Amino acid sequence: MSAPTLTHVEGITPDTTSRTGLREGAFGNATGLACRECGHAVALGPFYACPECFGPLEVAYDFPAVTREEIEAGPRNIWRYKALLPVPDDIEQSPNTEPGFTRLLEASNLAAALGIEKLWVKDDSTNPTNSFKDRVVACALSAARELDAKVFACPSTGNLANAVAAAGARAGIKTVVFIPSNLEHPKQVNSAVYTDSLVAVDGNYDDVNKLASEIAGEEEGWAFVNVNVRPFYAEGSKTLGYEIAEQLGWRLPDQVVIPVASGSQLTKVHKSFQELIKLGLVEEKPYRIFGAQATGCSPVSVAYKAGVDAIRPVKPDTIAKSLAIGNPADGIYVLDICRETGGAVEDIDDDAVREGILLLARTEGIFTETAGGTTVGVTKKLVETGQLDPTLETVIINTGMGLKTLDAISDQVGAAATIAPTYAAFAATGIA
Amino acid sequence: MSVSVRVPTILRTYTGGESEVTASGATLADLLEDLDTSYPGIKARILDDNGALRRFVNVYVGNDDVRFLDNLATPTPAGTQVSVIPAVAGGC
């Protein structure tokens, strides 16, 4: 069998898990890809859809014994978990943005405001390009390298474009990023600063995604992080779960609230918890996973509340653009996980998203973007509606940085007073 | 009634490697039948055992996802383009 490069046509590889043609250990302890729907096995390579049923492909592993001590001795970034990711053992030698190991902040002020006894915020706004996307992109970059990609690309709602453009610059690989043309201006600037190949597409994210899939099928040597190297890319989100467990002292939380766009992150956090249990790195215990959506793009929440498995795609209409995926590929798995673990999927309107942003900022000093505002607002609603147990230890994930979505709240906050430079004028404001 | 059909790489084993083929039919269902006549087996990759669109495949007539139109009953007049694309996504 020849090397599975990005010029290879996906789906026509023989049914094998052989890694012939790849550098030895190119994907670490990964052994192959497997269809999540029908179990069909596919070789490691630039393949993302099952040739039998179009189902998503998942990375399968044969993990060695891994100890807490080995992980703790690793670097303070996601590569401390490299044995659990589809990356080579020498991954730290290749230039990358070294994301992860972000802070897990005990949020007692927010907890008090929400009526929750113990609450933490996993704050991924402190990653190199200020969102969790640096994690997944770092794993996709490794796959792109191993597959000898010439172009590193993505369709994006913004944060991913930022992360791809920055990682490509650091790695010295050409990047091309595609975004909806109506994307928040700061997110456009945050990508364009790293690359001269930002392409704004007249359409919503789903339109951009369709275009990217078509380009991936036509252009040789392109690694679209969330298309043809998606199985490797998505695995990067597992590191959020690993870090939460390690930072809690190698134990799992009781409840986690996670924003849902495609649903990938939520499924990977669940997968990470299961892997930690199987590897004996944490004690097995029940945990509940909750999904958060904005009402203007809430197909998973709608299906959850209706008690059905089928997710009906929607046309997004929300300020939470990083969650505005109307046809969520992992939505059905989100439903399964939230139902199995005793969690739920909930949604809030855009006003509540803005309130969530302000609440987190004014209780914990964290300026989150609209996705984080959605997560905070949904957590509040989950408590108010009795779906989330306020006596249990809860973690919420903040996926991004508010400076990228200033428009969302710029008309809600501002100077409390404009005064002459005199004490008398200040005293008259009543602020003292 | 010729319609251009864009074929994803995953299905090009059925079309001899062609990324774009032609077929005809008044509706998407008819079109897929005609496509299967020219490229036997391709329809079973797009539709499930119940004859519905597979969960992880998106079909577009023009720029519109047929799930927002009339699914398999969506008209496919001559000159339109049909695209078959595996479902993928970014975001969280």
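See the structure shown above.
Read on for a plain summary of the structure. This is a predicted model, so every value here is computed, not measured. Just so you know, the residues in each chain are numbered from 1, in the order the chain's sequence is written. Chain labels run from A onward and ligand labels from 1 onward, assigned in the order the entries are written. Totals for whole chains, interfaces and linings use every residue, but because this is a predicted model, local features are given only for residues with pLDDT of at least 70 and side-chain atom pairs only at 80 or more, for both listing and counting. Each side-chain value is worked out from all heavy atoms of the structure, with water and hydrogens disregarded.

**Section: the sheet that holds strand E7 (residues 174-180) of chain A**
Residues and elements named next belong to chain A.
- Taken in spatial order, the four strands make up an open sheet running E8-E7-E6-E9, and their pairing is parallel. Pairing within the sheet leaves two strands with one partner each, and these edge strands are strand E8 (198-201) and strand E9 (222-224). Between one strand and the next, the sheet's axes are offset by a mean angle of 20°, whatever the strand orientation.
- For two strands to be treated as a pair, DSSP must find at least two bridges joining them. Segments assigned H or I by DSSP are reported as helices when at least four residues long, segments assigned E as strands when at least two residues long, and all are numbered from the N terminus. Where strand E6 (residues 151-155) and E7 come together, five bridges link them in parallel fashion. Residue pairing for E7: Pro155 is matched across the bridge by Phe178.
- Running at roughly 145° to E7, helix H6 (residues 205-218) makes contact with E6, E7, E8 and E9 of the sheet. Angles here are taken between N-to-C directions and fall from 0 to 180 degrees, while the axes themselves are lines fitted to C-alpha atoms, restricted in helices to the stretch in contact. We call two residues in contact when some of their heavy atoms are within 4.5 Å.

**Description of the packing of aromatic side chains**
All names here are of chain A.
- To pair, rings of Phe, Tyr and Trp, with the six-membered ring standing in for Trp, must have centres within 6.5 Å; the planes then decide the type, stacked if under 30 degrees apart, edge-to-face if over 60, and tilted in the middle. For the structure on display, the rule yields eight aromatic pairs over all chains.
- Measuring from ring centre to ring centre gives 4.5 Å for Phe27 and Phe232, while their planes differ by 25°; the resulting arrangement is stacked. Here Phe27, found in the segment before strand E1 (30-35), pairs with Phe232, found in helix H7 (residues 230-235); they are 205 residues apart in sequence, far enough to count as distant.
- Since its relative accessible area comes to 0%, Phe27 is described here as buried. Relative accessibility decides the category of a residue: with a 1.4 Å probe and only protein chains considered, values under 20% of the type maximum give buried, values over 50% give exposed, and everything between is partly exposed.

**Regarding the interface of chain B and chain A**
- The partner chain A presents 48 residues to the 31 residues of chain B that form the contact.
- The salt bridge definition used is simple: a Lys or Arg side-chain nitrogen within 4 Å of an Asp or Glu carboxyl oxygen. Run the count over chain B and chain A and you get five salt bridges.
- Between Glu214(A) and Arg6(B) there is a salt bridge; the shortest N-O distance is 3.3 Å.
- Polar contacts, as counted here, are pairs of nitrogen or oxygen atoms within 3.5 Å of one another; within protein the pair requires one atom able to donate a hydrogen and one able to accept it, and residues that are adjacent in sequence qualify only if both atoms are side-chain atoms. The interface formed by chain B and chain A contains nine residue pairs in polar contact (both at pLDDT 80 or more).
- Among the elements of the structure, strand E3 (57-61), strand E4 (64-65) and strand E5 (81-86) of chain B are those that each provide at least two residues to the side of chain B that touches chain A.
- Looking at which element gives the most residues to the side of chain B that touches chain A, the answer is E5(B), with four residues.

**So, helix H11 (residues 331-341) of chain A**
- The buried count for H11(A) comes to eight of 11 residues, which makes it a mostly enclosed element.
- Buried residues belonging to H11(A) abut helix H9 (264-278), strand E11 (288-294), helix H10 (299-306) and strand E12 (345-348) of chain A.

**Observations regarding the layout of surface pockets**
All names here are of chain A.
- As a volume, the largest pocket reaches approximately 640 Å³.
- Taken as a whole, the second largest pocket holds about 270 Å³ of empty space.
- A 1.4 Å probe that fits but cannot get out identifies a cavity on a 1 Å grid over protein atoms alone, an open set with protein on both sides within 12 Å along at least five of seven lines counts as a pocket, and a residue lines either if it has an atom within 4 Å of a point. Around the second largest pocket, the lining is made up of 18 residues, and of these Asn29, Lys82, Ala83, Leu84 and Asp89 lie nearest the centre.
- Basically, the charged four are Asp, Glu, Lys and Arg, the nonpolar ten are Ala, Val, Leu, Ile, Met, Phe, Trp, Tyr, Cys and Pro, and anything else, Gly included, counts as polar. Tallied by class, the residues present in the lining of the second largest pocket amount to 10 nonpolar, four polar and four charged. Grid points are joined across faces, edges and corners, and a volume is the space filled by probe spheres set on the points.

**Focus on the nonpolar core**
- Ranked by internal contacts, the top residues of the largest apolar core, which has 112 residues, are Leu110(A), Phe224(A) and Ile46(B).
- At six residues, the largest contribution of residues to this core is made by H11(A).
- Each domain's extent was defined by an automatic or database domain assignment. Among the domains, domain 1 (104-130 + 237-408) and domain 2 (132-231) of chain A are the pair contributing at least three residues each to this core.
- Not counting the four nearest positions on each side in its chain, Phe224(A) is found in contact with Ala153(A), Cys154(A), Pro155(A), Phe178(A), Ala212(A), Ile215(A), Ala216(A), Val229(A) and Arg230(A).
- Nine residue types can take part in a nonpolar core, namely buried Ala, Val, Leu, Ile, Met, Phe, Trp, Tyr and Cys, and a core is a set of them joined through side-chain atoms within 4.5 Å. Counting 40 residues, the second largest nonpolar core, distinct from the first, contains Val42(A), Phe47(A), Leu141(A) and Ala163(A).

**Digging into the side chain of Lys268(A)**
- Tracing the sequence through the fold places Lys268(A) in helix H9.
- Residues contacting Lys268(A), with those up to four places away along its chain left out, are Glu58(A), Ala234(A), Glu235(A), Ser237(A) and Lys238(A).

**A word on empty space enclosed by the protein**
Residues and elements named next belong to chain A.
- For the structure shown, the criterion picks out five cavities of 30 Å³ or more.
- Space inside the largest cavity adds up to approximately 170 Å³.
- Lining the largest cavity are 19 residues; nearest its centre among them are Tyr48, Pro56, Leu57, Arg230 and Asp330.
- Where the lining of the largest cavity is concerned, the elements lending two or more residues are strand E3 (57-61), H7 and H9.
- Classifying every residue of the lining of the largest cavity gives 11 nonpolar, three polar and five charged.

**Quick word on the sheet that holds E5(B)**
- Spatial strand order, E2-E1-E5-E3-E4 (chain B): five strands in an open sheet with mixed pairing. A single partner strand is all that each edge strand has here, and the edge strands are strand E2 (20-24) and E4 of chain B.
- Examined bridge by bridge, E3(B) and E5(B) share five bridges and lie antiparallel to one another. For Val61(B), the partnering residue across the bridge sits in E5(B) and is Val82(B).
- On top of the sheet, H6(A) reaches strand E1 (2-6), E3 and E5 of chain B; it is set at about 85° to E5(B), its chief contact.
- Sitting on the sheet, helix H1 (residues 28-38) of chain B is in contact with E1, E2, E3 and E5 of chain B, with an inclination near 115° to E2(B).

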